[in-house]
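Report on the structure
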Amino acid sequence: MLIAHIALPVPLYQLYDYRLTQPAEVGMRVKVPFGKRDAIGVIVSIDQQTDVPIECLKDISEIIDNEPLFTPAVWQLLKWAVSYYHFPIGEVIFHAMPVLLRQGKQASKTEIKQWQLTELGKNCDLKSLSRSYKQQLLLTSLKNNTFSENDFSANIFHQLEKKQLIKQVSVTPDTVEWQSHFSTNPTSIRLNEEQTKAIASVNQQNQQFNVFLLEGITGSGKTEVYLNILSDILSAGKQALILVPEIGLTPQTIKRFKQRFNAPIDILHSGLTDKQRFEVWLRSRSGENAIVVGTRSALFTPFKHLGMIIIDEEHDNSYKQQEGWRYHARDLAIIRAKIENIPIILGSATPSLETLNNAQNQKYQLLQLTQRAGDASLAQQSILDIRGLVLCAGLSQPLIDQIKKHLSNNNQVMLFLNRRGFSPSIICHDCGWIAECPRCDMPYTYHQKQHKLICHYCDTPRALPHQCPKCGSTHLIPIGFGTEQLEKQLEILFPNIKISRIDRDTVSKKGALDNYLKEIQQGGAHILVGTQILAKGHHFPDVTLVGIVDVDGALFSSDFRATERFAQIYTQVSGRAGREAKTGEVILQTYHPDHPLLNVLLSKGYQEFAKFTLQERRQTHLPPFSYQVMIRAADRNNHHAPNFLQQIHDWLKSLDNHRLWQLGPMPSNHPKKAGYYRWQLLLQHTHRQQLQQILDQLIISIDKWGETSKVRWSIDVDPIDN
Ligand code: ADP
Ligand code: ZN
Ligand code: ZN
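Just so you know, these numbers come straight off a predicted model, no measurement behind them.

What follows concerns the site of ligand 1. Neighbouring residues of ligand 1: 17 residues in total, closest Arg190, Gln195, Lys222, Thr223 and Arg256. Interatomic distance of 2.8 Å between a backbone N/O atom of arginine 190 and a nitrogen atom of ligand 1. Contacts to ligand 1 include lysine 222, whose backbone N or O atom sits 2.9 Å from an oxygen atom. Computed on the free molecule, ligand 1 has an accessible area of 560 Å², of which 78% lies beneath the protein chains in the complex. When residues of the shell around ligand 1 are assigned to their parent elements, the largest contribution, 3 residues, is made by helix α8 (residues 222–235). Its residues placed into classes, the shell around ligand 1 shows 4 nonpolar, 8 polar and 5 charged.

Below, the discussion takes up the packing of aromatic side chains. Summed over all chains, the structure comprises 18 aromatic pairs. When the centroid spacing of 4.8 Å and the interplanar angle of 15 degrees are considered together, the rings of tryptophan 80 and tyrosine 84 count as stacked. Here the residue tryptophan 80 and the residue tyrosine 84 both occupy positions in helix α1 (residues 72–85), the gap between them amounting to 4 residues, near one helical turn. When its relative accessible area of 9% is taken as the criterion, tyrosine 84 is described as buried. Where tryptophan 325 meets tyrosine 327, the ring centres are 4.5 Å apart and the plane angle is 45 degrees; that geometry is what we call tilted. With relative accessibility at 4%, the residue tryptophan 325 sits in the buried group. Among the aromatic residues, those joined into a cluster by ring pairs are Trp80, Tyr84, Tyr85, Phe300, Trp325 and Tyr327.

What follows deals with the pattern of salt bridges. If you walk through the whole model with that rule in mind, you get 28 salt bridges. Its salt-bridge partner being aspartate 716, residue lysine 320 comes within 2.8 Å of it at the nearest N-O pair. With a gap of 396 residues between them, lysine 320 in the loop between β12 (306–312) and α11 (329–340) and aspartate 716 in strand β33 (residues 712–717) connect regions that are remote in the sequence. Residue lysine 320 shares its accessibility class with aspartate 716, and that shared class is buried. Connected through salt bridges with shared partners, the residues Lys320, Arg326, Arg632, Asp716 and Asp721 form a single ionic network.

Bound to the zinc ion (ligand 3) on the protein side are Cys437 (SG), Cys440 (SG), Cys455 (SG) and Cys458 (SG), at distances that span 2.3 to 2.4 Å. For the zinc ion (ligand 3), the 4 donor atoms in the first shell make angles of 104 to 112 degrees at the metal, so the coordination geometry reads as tetrahedral. Site description for the zinc ion (ligand 3): donor spacing in sequence, C-x2-C-x14-C-x2-C. There is no split in this pair, since cysteine 455 and cysteine 458 are both buried.

Right, let's talk about the sheet that holds strand β31 (residues 660–673) for a bit. The sheet built from 4 strands is open, its strands ordered β31-β32-β30-β33 with antiparallel pairing. Among the strands making up the open sheet, the edge pair consists of β31 and β33. Looking at each pair of strands side by side, their axes are set apart by 20 degrees on average, direction ignored. Pairing geometry for strand β30 (residues 627–635) and strand β32 (residues 676–685), over 9 bridges, is antiparallel.

Attention now goes to the coordination of the zinc ion (ligand 2). Donor atoms from the polypeptide that coordinate the zinc ion (ligand 2) comprise Cys428 (SG), Cys431 (SG), Cys468 (SG) and Cys471 (SG), at 2.3 to 2.4 Å from the metal. Overall, the relative accessible area of 2% leaves cysteine 428 in the buried class. Given the relative accessible area of 40%, cysteine 471 is considered partly exposed.

Let us now look at the environment of lysine 275. Residue position: lysine 275 is located in helix α10 (residues 274–285). A relative accessible area of 47% places lysine 275 in the partly exposed class. Sequence separation between lysine 275 and leucine 100 is 175 residues, and the spatial gap between their C-alpha atoms is 7.1 Å.

Let's shift gears to a nonpolar patch on the surface. A surface patch of nonpolar side chains, amounting to about 230 Å² of accessible area, comprises Leu389, Leu391 and Tyr591. Looking at the element boundaries, tyrosine 591 is found in the loop between β29 (585–590) and α19 (596–604).

On to unusual backbone geometry, then. With an omega dihedral of 5 degrees, the bond running from proline 623 to proline 624 counts as a cis peptide bond. Residue position: proline 624 is located in the loop between α20 (606–619) and β30. Here alanine 393, not a glycine, exhibits a phi torsion of approximately 50 degrees, which is positive. Looking at where alanine 393 falls in the secondary structure, it is placed in the loop between β16 (391–392) and β17 (395–396). Phi at histidine 451 takes a positive value of approximately 55 degrees, unusual for a residue other than glycine. Mapped onto the secondary structure, histidine 451 falls in the loop between β22 (445–447) and β23 (452–454).

Quick notes on the rules
Residues numbered from 1 in each chain as written. Chains lettered and ligands numbered in written order. Predicted model: local features only at pLDDT ≥ 70, side-chain atom pairs only at ≥ 80, totals over all residues. Heavy atoms only, no water. Near = heavy atom within 4 Å. Polar contact = N/O pair within 3.5 Å; in protein donor to acceptor, adjacent residues only side chain to side chain. Areas by Shrake-Rupley, 256 points an atom, 1.4 Å probe, with all protein chains shown as cover. Helix = DSSP H or I, 4+ residues; strand = E, 2+ residues; numbered from the N terminus. Nonpolar A, V, L, I, M, F, W, Y, C, P; charged D, E, K, R; others polar. Phe/Tyr/Trp six-rings, centres within 6.5 Å; stacked < 30°, edge-to-face > 60°. Buried < 20%, exposed > 50% of the residue type's maximum accessible area, 1.4 Å probe, protein only. Salt bridge = Lys/Arg side-chain N within 4 Å of Asp/Glu carboxyl O. Donors = N, O, S within 2.8 Å, 3.2 Å for Na, K, Ca; no water. Tetrahedral: all angles 85-135°; square planar, octahedral: opposite > 155°, others 65-115°. Pairing = 2+ DSSP bridges. Axes fitted to C-alpha atoms, helices over the stretch in contact; angles between N-to-C directions. Patch = residues over 30% accessible without salt bridge, like charges linked within 9 Å, V, L, I, M, F, W, Y side chains within 5 Å.

See below:
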């Protein structure tokens, strides 16, 4: 008797066994009885073994697919991911499927209804229809293949159908082939030497597996390099996958792809309906698109003939999923490229330290673009010591003077502040009470325009209180400042200047960002205020001054990655200034003008900063020179979670592995969120393999403990927030 071992979308590590009575293959979806209902699952393996007593085994009720759902490469990738991330297999496999497939929809194109001539219709003498010109026209157009359904009213179809001259049939749309008429549109751009060299290095490797790091300062022409390399890949009839941090932020880049290639390009963005996502999935699997551009989860798209993967802005943290299955799309993309035996390019102006380390170790091939393309030159950078200065919504007088100067030359100014809202807290002036979210124990952020307090941890809004609940005072005042307040202050200081605030609050509406960008691109004096959204991907050729309003938080964080993140954002933001013919200026306000990090970064640039910081990480045995795993647990009573982690801690300790180092259990960075108390236990090891083996054993062990139902726990391999 054959037993199918099936993954179901449940947060448990096990597979479920069912009797297989019909022919089926690994990777196909099935319907099975599960509890009181039918569930959809995926066959992971088939053999004759089971631990379930035969009489308890149930039959699979239905085999949904007639071939495995994923391509062999994606299937292999998912299995690799399950073992590496130690995450329940059902959740991993279902995460990789479009919603409609999770619900059981057939993985084939939807049939469409089409009108055809009947035998009678084919042989019909048109003259016999001379009394109806329209009917005649319809029949002729069907005969000549010039038919378009919209040209005729339903009645005409009906009349002809009644005469049995035409009939409606269901057909599966043809697979559309693009390769035979593919072409690359010519461009007037003449590549510079570094670009030419980078392209040649990739092309030399004959489209085999290789990881390239394209490290190029902002505006150095990375996209141009991608376009050139892709041209060869597409000419060979292969498809390409391009991952970007956020689609909404890259309309200009996508336009360039569409202009350059005469080939179908699909975009996977959050605005698509489930049906549209599913259709992109199908087109990719059948080879009907040439390029798919998407965010993190686009990584799991199956391709008929994938030829290359590009990860743009590879350092961006949005590639790491931060809830549920916490995979890193960049890391998995490299595994996928290896499985598919194709090249992968990681591009960034500010590569992550992990990636730079791999390039230094020659695991990745380093390609560098050190010059700005065209005529653009790099911005002038300076530190503005604000100790003792009066600040107005964060702005010092010297910065205000500089803003005036740049605006009066009809240029644009960009002010960066990584904190949205009006102020990060509201306090009672009489007794010191602070408005806090009861579910997270963190101060509410005040949003003046919406007239609301919003918790930035759990997103819960509440009305602004009129009175202090503690002392009854009505004297409630905002403390600190965010982008909303900065914008307001600028409106007072510069009443005749256009100001655009670009943060999650203002661009969440569809098309809003596009409108801002259009306005900004029209040129003329203009102030842009924004959070790190500003740092991502846009070219603002008329911005000549970038002001960094407040950075000090990043310099003194308990998270060892905070400085890396700051250096990346700083470099990206300042790279937005003075493109094309205009030279830019960057001014950074700080209370710590002598901070060594700031000085390395400003005087020597990101590369030197990275070298310096990698050296530091090596000395302190931090990643990438060691490997980390975060075990998180949460509960509602602040009791079970720490106990559970303590139990893990003790168990790990009993292994007596002196290369394993544990920190915790301790409360997480945000110890309470949405009513849950959150704890963590950090593991660090000098050997990745060994740490992986320890996790394997740990999970088997935890499984036997029972009692885990009172905590929500998860494993985060290679965590990025400590
Ligand atoms: P990046 O992706 O590194 O930010 P882009 O590829 O977007 O850089 O290039 C920045 C700008 O310079 C674009 O407007 C692009 O068309 C232009 N550009 C790129 N390469 C060249 C070149 N060799 N000569 C002139 N302009 C170029
Ligand atoms: Zn009070
Ligand atoms: Zn909250």
